[in-house]
Amino acid sequence: MKLTYAKRLNLVGWLFIAPAVVMIFIMSFSAIIQAFGISLQTGMGNNMKWTGFSNYLRILKDPTFQTTVGNTLVYLLQIPVMLGLALLYAQALNNVHLRCPGLYRVMIFLPCAMASVSYSLVFRILFASDGLINTVLRFTGLNQNGINFFGGAWTSRMVILIALVWRWTGYNMVFLSAAMQSIDPAIYEAATIDGASGFQRYFRVTLPLLRPTLVLLCIMTLSGTIQLFDESVNLTNGGPANATLSISHYIYNLAFKYTPNFGYATALSFVVFIVIAILTLLQMKVGDKRDEM
Amino acid sequence: MTKCKKVLLPLIMLLTSLLFIFPIFWMFVSATNDTAGIVMGKLTFGTALPTNFENLMKAKNIWTAMFNSLRNAALQTVLSLFISSLAGYGFEVFHDRHKDALMNVLLLSMLIPQITTAIPLFKMFSSWGLLNTWIAFVLPGIASVFLIMLFRQSARSFPGEVIQAARVDGLGEFGIFIRMFVPIMAPTYVAALTITFMNAWNSYLWPSIVMLSNESTTMPLLLANLMSGYTQDYGMILLAVAICTLPTLLIFAFLQKSFASGITGAVKM
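Residues numbered from 1 in each chain as written. Chains lettered and ligands numbered in written order. Predicted model: local features only at pLDDT ≥ 70, side-chain atom pairs only at ≥ 80, totals over all residues. Heavy atoms only, no water.

**As for the overall build of chain A**
Of regular secondary structure, chain A possesses 13 helices and two strands. A compact globule built from 293 residues should have a C-alpha radius of gyration of about 19 Å, whereas chain A, at 24 Å, is more than 25% larger. Seen along its three principal axes, the alpha-carbon backbone of chain A occupies a region of about 85 × 75 × 35 Å. Out of the 293 residues in chain A, the part that is buried amounts to 52%. Residue pairs at least 24 apart in sequence account for 65% of intrachain contacts in chain A once pairs closer than 6 positions are excluded. Looking at chain A as shown, the accessible area adds up to about 14100 Å², and 67% of this sits on carbon and sulfur atoms. (Helix = DSSP H or I, 4+ residues; strand = E, 2+ residues; numbered from the N terminus. Rg over C-alpha atoms; globule rule 2.2 N^0.38 Å. Buried < 20%, exposed > 50% of the residue type's maximum accessible area, 1.4 Å probe, protein only. Contact = heavy atoms within 4.5 Å. Areas by Shrake-Rupley, 256 points an atom, 1.4 Å probe, with all protein chains shown as cover.)

**Notes on the overall build of chain B**
When its secondary structure is counted, chain B shows 14 helices and zero strands. Along chain B, helices and strands appear, N-terminal first, in the series α-α-α-α-α-α-α-α-α-α-α-α-α-α. Once the C-alpha set of chain B is aligned to its principal axes, its extents read approximately 70 × 65 × 35 Å. For chain B, the residues scored as buried account for 54% of the 269 residues in total. A separation threshold of at least 6 residues defines the contact pool for chain B, and within that pool the share at least 24 residues apart is 75%. Here chain B contributes 16 positively and 10 negatively charged side chains, and the mean placements of these two sets differ by 10 Å. (Lys, Arg positive; Asp, Glu negative; His and termini not counted. Charge placed at Lys NZ, Arg CZ, Asp CG, Glu CD.)

**Some words on the domain arrangement of chain A**
Residues and elements named next belong to chain A. Entries for chain A in the domain assignment read domain 1 (5-57) and domain 2 (63-292). Centre-to-centre, using C-alpha coordinates, domain 1 lies 31 Å away from domain 2. Here domain 1 packs against domain 2, burying approximately 870 Å² in sum over the two surfaces, 76% of which is carbon and sulfur. Considering only the side of domain 1, the residues that lose the most area to domain 2 are Ile32, Asn55 and Tyr56, jointly responsible for 41% of the buried surface there. Viewed at the interface, domain 2 and domain 1 are joined by zero salt bridges. Along the contact surface separating domain 1 from domain 2 lie zero residue pairs in polar contact (both at pLDDT 80 or more). No other element matches the five residues that helix α1 (residues 2-39) contributes to the side of domain 1 that touches domain 2. (Domains from an automatic or database assignment. Buried area = accessible area lost by both parts, 1.4 Å probe. Salt bridge = Lys/Arg side-chain N within 4 Å of Asp/Glu carboxyl O. Polar contact = N/O pair within 3.5 Å; in protein donor to acceptor, adjacent residues only side chain to side chain.)

**Details of the interface of chain B and chain A**
The partner chain A presents 85 residues to the 86 residues of chain B that form the contact. Counting the surface lost from both chain B and chain A, the interface buries some 7700 Å², and carbon and sulfur atoms represent 80% of this. For the chain B face of the interface with chain A, the top three residues by lost area are Phe20(B), Leu111(B) and Ile119(B), together amounting to 10%. Viewed at the interface, chain A and chain B are joined by zero salt bridges. Linking chain B with chain A are eight residue pairs in polar contact (both at pLDDT 80 or more). Of the residues forming the side of chain B that touches chain A, the biggest block, 16 residues, is contributed by helix α1 (residues 2-30) of chain B.

**Things to note about the environment of Val29(B)**
Residue and element names in this part refer to chain B. Inspection of the secondary structure assignment puts Val29 in helix α1. Its relative accessible area of 0% is what places Val29 among the buried residues. Sequence separation between Val29 and Lys42 is 13 residues; the distance between their C-alpha atoms is 8.4 Å. Apart from residues no more than four positions distant in its own chain, Val29 is found in contact with Lys42, Leu43, Thr44 and Phe45.

**Digging into the packing of aromatic side chains**
Under the defined criterion, the tally for this structure stands at 42 aromatic pairs over all chains. Considering the side-chain rings of Tyr119(A) and Trp166(A), the 5.7 Å spacing of their centres and the 55° angle between planes classify their relative orientation as tilted. With a gap of 47 residues between them, Tyr119(A) in helix α6 (residues 116-126) and Trp166(A) in helix α8 (residues 153-181) connect regions that are remote in the sequence. The burial state of Tyr119(A) is the same as that of Trp166(A); both residues are buried. Residues Trp168(A) and Tyr171(A) carry aromatic rings whose centres are separated by 5.1 Å and whose planes lie at 85° to one another, so their mutual orientation is edge-to-face. Of the two residues, Trp168(A) and Tyr171(A) are both situated in helix α8; the distance of three residues between them amounts to about one turn of the helix. Within the aromatic cluster, the residues linked to one another by ring pairs are Phe16(A), Phe82(B), Tyr89(B), Phe94(B), Phe151(B), Phe158(B), Phe174(B), Phe177(B), Phe181(B) and Tyr189(B). Seen from the ring of Trp154(A), Arg157(A) lies directly overhead, with NZ or CZ sitting 4.5 Å from the centre. (Phe/Tyr/Trp six-rings, centres within 6.5 Å; stacked < 30°, edge-to-face > 60°. Lys NZ or Arg CZ within 6 Å of the ring centre and 35° of its normal.)

**Regarding the packing of helix α9 (residues 185-193) of chain A against helix α10 (residues 198-226) of chain A**
All names here are of chain A. Interaxial distance between α9 and α10 falls to 11 Å at its minimum, and their mutual angle equals 155°. One element, α9, and the other, α10, form an angle in the roughly antiparallel class. For the crossing formed where α9 meets α10, the hand is right-handed. Contacts from Ile187, Tyr188, Ala191 and Thr192 of α9 reach α10 at Arg201, Val205, Thr206 and Leu209. (Axes fitted to C-alpha atoms, helices over the stretch in contact; angles between N-to-C directions. Parallel < 35°, antiparallel > 145°, perpendicular 65-115°, else oblique. Left-handed = near helix turned anticlockwise from the far one by under 90°.)

**Brief notes about the environment of Ala267(A)**
Tracing the backbone shows Ala267(A) in helix α13 (residues 262-292). A relative accessible area of 0% places Ala267(A) in the buried class.

**A word on the state of the cysteines**
Taken as a whole, this structure holds zero disulfides over all chains when the rule is applied. Unpaired in terms of disulfides, Cys112(A) finds its nearest cysteine sulfur in Cys244(B), a separation of 15 Å. Judged by its relative accessible area of 4%, Cys112(A) is buried. Cys218(A) takes part in no disulfide bond, and the closest cysteine sulfur to it belongs to Cys112(A), at a distance of 17 Å. (Disulfide = S-S within 2.5 Å.)

**Considering the pattern of salt bridges**
Residues and elements named next belong to chain B. Going through the model one piece at a time under the given rule, you end up with five salt bridges over all chains. Between Arg152 and Glu92 there is a salt bridge, with the nearest N and O atoms lying 4.0 Å from each other. In this pair, Arg152 sits in helix α8 (residues 145-156) while Glu92 sits in helix α4 (residues 62-93), placing the two residues 60 residues apart along the sequence. Residues Arg152 and Glu92 agree in their burial class; the two are buried.

Dropping the structure here:
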């Protein structure tokens, strides 16, 4: 009797998890296997033919893809800036001298309430040649002619970087602030008694204890930045001359905007998957290793 | 030194915090100004709101997009919360070696970028004839590993005595979940709700692939289309952006704490 009850409970458990497991297998695992299959084919619509790895060989000779990889490397610059700012703000919010930290927290966190499309459009109009930033530049005499932000490669990349930092600093600050609050004050007291200065406390106590959170935020930001899409489409539309085109945006264009080339587009997207998987697992390993030390 | 800190720190915090809310403030202000005013750098509320609204109504069917966004996000939230919390509860309460191993396999799905599954999923939904339907919008994200982890975490703190007592009282396992777990874990559900609703409301990549018709368009898609026109009416566009932002901003204003605890909750170590 007892065994059958345990068995019944076990079965009920499987029923509880079944819907989610089935959906994840269909929508993620089966889809990624299909993606690999499509990446080995060429052709349009339903007239697909097997070509082996020719799509992957084509990637190596694709100048536009190289451009998008270069652009993505530039976007990665936002990670140290954004995480550094988030760390500073989290530290400031937990400073005993700061009154009403809740107010600042909400203000910095507020950009998270905006859709990426929405803030992309706001920044696009702010930085337009007749936008507010240029109006201010002209009015204050800093730059009489104004700057055509979206006309230059580096200025438009700059706008995307500013937008990304603006959008994500608060999000990461919330993680770091929560992690800082969970540090036992007794550790700081002990460090102070042992004669540790403020700097030493920060670098020897706070930062090491925040490392798991920082590793996690790094993984999330890295993966998110490599997958950048909404900003590339709506803020700069990839321009000028592909100078801000993100990898996802390029893949989207190949599959859904130009003459649809699902085979090649999927091969590119599969490379993105491999890169993200390797980087994530590598970072997790690094995070684990230092734990043992 | 400390005096300097006491004055300087709040001052820096205030000035830089203002930079973070300025674009949002400017969006709402500009929604009430005409394009000429916006270009001149007007920073006060104006009187062009009705004109902007009229132009917007002429350009796009904003009510359809609002309705679609609301319906899709609501369905996504309800279904995703139900399926994911059921699984999170199941993985914790009925855990054994096999289910734990399966959970680790599911975690691997977080490594898969959206763009990689987009093309096979598009082919799948198009062969099922489901393009432009809320089902295509909702289904790929209906089971979220992130939410499963969040609910598994909260099920860990759910007292086993409650489950035992309910079993003795003759309540079925599903009954325990619905009548005990869901009400007791209401804060977790609110946190999960804010995240899921906001993500669904704001989602762009997947909808831009499957929601192609004018009848099925959502707010972010409508916004993206507004900007691609030749003559750009900034006042009208920023009004549309403001309308799209209002629902998520309200959720954020009322549930900011739960939102914060939700995004950080699933990854407690």
